[in-house]
Amino acid sequence: MSLEATVKYHFPKTASFTGMPPATKSDALTGTDQMAAMGMVQSIAPLGFCAFMGKVGVSKNDAARAVSLLTEFAMQTCDRVAALRKLETDIKPAVLQTLATYAYMDYCQSASSKKPCKCCSATGFIDAEVFTMKSRFGTQRPGAVTEIKRLDESLPENTSYQVRDTERVLCPDCKGKCVVSSACRDCKGRGRAVMEAESKRQGVPVMGDCKRCGGRGFERIPAIEAFRAISAITDSISLATWDRSGKPFYDQLIGKLEIEESWANAALNKVTA
Ligand SMILES: [Zn+2]
Ligand SMILES: [Zn+2]
């Protein structure tokens, strides 16, 4: 059994803890066996297990635990990086926790994940200017600017005029949902796109890895955001130092999560084999 296959046991819609195994081969374990197996994996590969369960949304506690385990790992390994080693002891944990948090957020990105909409600051609405034709005795819409009132008296009856309103309208990016998909805009999450130069040269559409996302299908959280977050804690790490040694360390934290997840997966496969 894989980690992916355990997810359905956590959501009531499809959960089956009756002890009666469903009729498919991969589910030939009882609910109790499943729980025992997961408990075992949690103790063998805690970081990978929590990271995965947090990523798929099974548990917020697991996500928090994954970040704290990754922070511990960062504390143990950061001495290799001079800039991090030299941090004052009272701010070092905060810096590493920030890096671990960003690394975990990046690890959680996938083409199906959602991120807060930037266009409307995750409120679902934006202020937009609209021009409306009005007549002096026409209906006034709520939110119409005070300009009309000023013009009102001087206008002859039944004349039409334009007013500029500022209205709250549904955010065009997220359609009011406050979140947008993390899927790459160029390839719509497929990871493959038409290579324009090559297609032109060969005269037929040629597919290749999408340039925007490098074939991942979704956009990564820019590493510079992690740098900005740690810059708010300490000014002892310059952008040049970040590029030279901070970012590679940060990338290793993301890699660590991916490795730990595959360990947890392998462990689960083994105990349920
Ligand atoms: Zn929006
Ligand atoms: Zn893409």
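Cut-off values and rules
- The numbering scheme is per chain: residues are counted from 1 as the chain's sequence reads.
- Lettering of chains starts at A and numbering of ligands starts at 1, both following the order in which they are written.
- Selection of residues for local features in this predicted model requires a pLDDT of at least 70, selection of side-chain atom pairs for listing and counting requires 80 or more, and totals for whole chains, interfaces and linings are taken over all residues.
- Each helix is a run of DSSP H or I of at least 4 residues and each strand a run of E of at least 2, with the numbering of both proceeding from the N terminus.
- Here a residue counts as buried when 20 or more other C-beta atoms sit within 10 Å of its C-beta, as exposed when there are 12 or fewer, and as partly exposed otherwise, the C-beta atoms being derived from the backbone.
- Any two residues are considered in contact once their C-beta atoms, placed from the backbone, lie within 7 Å.
- The directions from the helix axis to the C-beta atoms form the arc being described.
- The score called pLDDT rates the predictor's confidence residue by residue, from a low of 0 to a high of 100.
- Expected span of a helix, by definition, is 1.5 Å for each gap between consecutive residues, and there is one gap fewer than residues.
- Only the contacting stretch of a helix is used when fitting its axis, a line to C-alpha atoms as for every element, and angles between N-to-C directions run 0 to 180 degrees.
- Roughly parallel means an angle under 35 degrees; roughly antiparallel means over 145; roughly perpendicular covers 65 to 115; every other angle is labelled oblique.
- Take the far helix as your reference; a near helix turned counterclockwise from it by less than a right angle gives a left-handed crossing, and one turned clockwise gives a right-handed crossing.
- Throughout this entry, Asp, Glu, Lys and Arg are counted as charged residues, while Ala, Val, Leu, Ile, Met, Phe, Trp, Tyr, Cys and Pro are counted as nonpolar. The remaining residues, Gly among them, count as polar.
- Structurally, a nonpolar core is described as a collection of buried Ala, Val, Leu, Ile, Met, Phe, Trp, Tyr and Cys residues joined by way of C-beta atoms within 7 Å.

Scanning the protein chain for helices and strands turns up 10 helices and 6 strands. The buried share of the protein chain, taken over its 273 residues, is 25%. Once local pairs closer than 6 in sequence are excluded, the contacts in the protein chain between residues at least 24 apart make up 67%.

With that settled, consider helix H9 (residues 223-231). Residues of H9 that are buried: Ala223, Ala226, Phe227 and Ile230. Viewed end-on, H9 has its buried residues packed into an arc of 100 degrees, placing them on one side of the element. In this structure, the buried side of H9 is in contact with helix H6 (92-108) and helix H10 (239-271).

Even without being glycine, Lys175 reaches a positive phi, approximately 55 degrees. Within the secondary structure layout, Lys175 lies in the loop between strand E3 (160-170) and strand E4 (179-181). For Lys175, a count of 11 C-beta atoms within 10 Å gives the class exposed.

Turning our eyes to something else, we now look at the confidence of the model for the protein chain. Residues at a pLDDT of 70 or more form 82% of the protein chain, whose mean pLDDT is 83. Contacts from residues 143-150, a stretch scored under 50 in pLDDT, to residues over four places away or in other chains number 12 contacts.

Here the focus is helix H2 (residues 31-44). The end-to-end C-alpha separation of H2 is 20 Å, in line with the 20 Å expected for 14 residues at 1.5 Å each. Restricting attention to buried positions, one finds in H2 the residues Gln34, Met38 and Val41. The buried residues of H2 occupy one face: seen down the axis, they fall within an arc of 60 degrees. In H2, the exposed positions that point more than 90 degrees away from the buried face belong to Thr32, Gly39 and Ser43.

Turning next to the packing of H6 against H9. Packing of H6 against H9 leaves a shortest axis separation of 9 Å and a crossing angle of 155 degrees. On the basis of their axis angle, the class for H6 and H9 is roughly antiparallel. The crossing of H6 and H9 is right-handed. Contacts between H6 and H9 involve Val95, Thr98, Leu99 and Tyr102 from the first element and Glu225, Ala226, Ala229 and Ile230 from the second. Class assignment of the residues belonging to the contact of H6 with H9 gives a composition of 6 nonpolar, 1 polar and 1 charged.

Along the chain, the position of Ala37 falls in helix H2. On the basis of neighbour counts, which here come to 19 C-beta atoms within 10 Å, the residue Ala37 falls in the partly exposed class. A sequence separation of 233 residues divides Ala37 from Lys270, and the C-alpha atoms of the two residues are 9.5 Å apart. Residues contacting Ala37, with those up to four places away along its chain left out, are Leu268, Val271 and Thr272.

The next point concerns the packing of H6 against H10. Where H6 contacts H10, the axes come no closer than 9 Å and their chain directions differ by 50 degrees. Comparing their axes, H10 and H6 come out oblique. At the point where H6 passes H10, the crossing takes the right-handed sense. Judged by residue contacts, Leu99, Ala100, Ala103, Tyr104, Asp106 and Tyr107 of H6 engage Tyr250, Leu253, Ile254, Leu257 and Glu258 from H10. When its residues are assigned to classes, the contact of H6 with H10 shows 9 nonpolar, no polar and 2 charged.

Ranked by internal contacts, the top residues of the largest apolar core, which has 42 residues, are Ala66, Leu70, Leu99, Ala100, Ala103 and Tyr104. Mapped by element, the contributors of at least two residues to this core are H2, helix H3 (46-55), helix H4 (60-77), H6, H9 and H10. The element contributing the most residues to this core is H6, with 9 residues. If near-sequence neighbours (up to four positions away) are discounted, Ala103 is found in contact with Leu70, Tyr250, Leu253, Ile254 and Leu257. Core analysis: the next-biggest nonpolar cluster, separate from the first, contains 5 residues, Ala183, Cys187, Cys210 and Cys213 among them.

Okay, the environment of Glu260 next. Inspection of the secondary structure puts Glu260 in helix H10. What Glu260 contacts, discounting residues up to four positions off in sequence, is Ala45, Leu47, Gly48 and Ala51.

This next bit is on the environment of Val56. Among the structural elements, Val56 can be located in the loop between H3 and H4. Sequence-wise, Val56 and Ser113 are 57 residues apart; in three dimensions their C-alpha atoms are separated by 9.3 Å.

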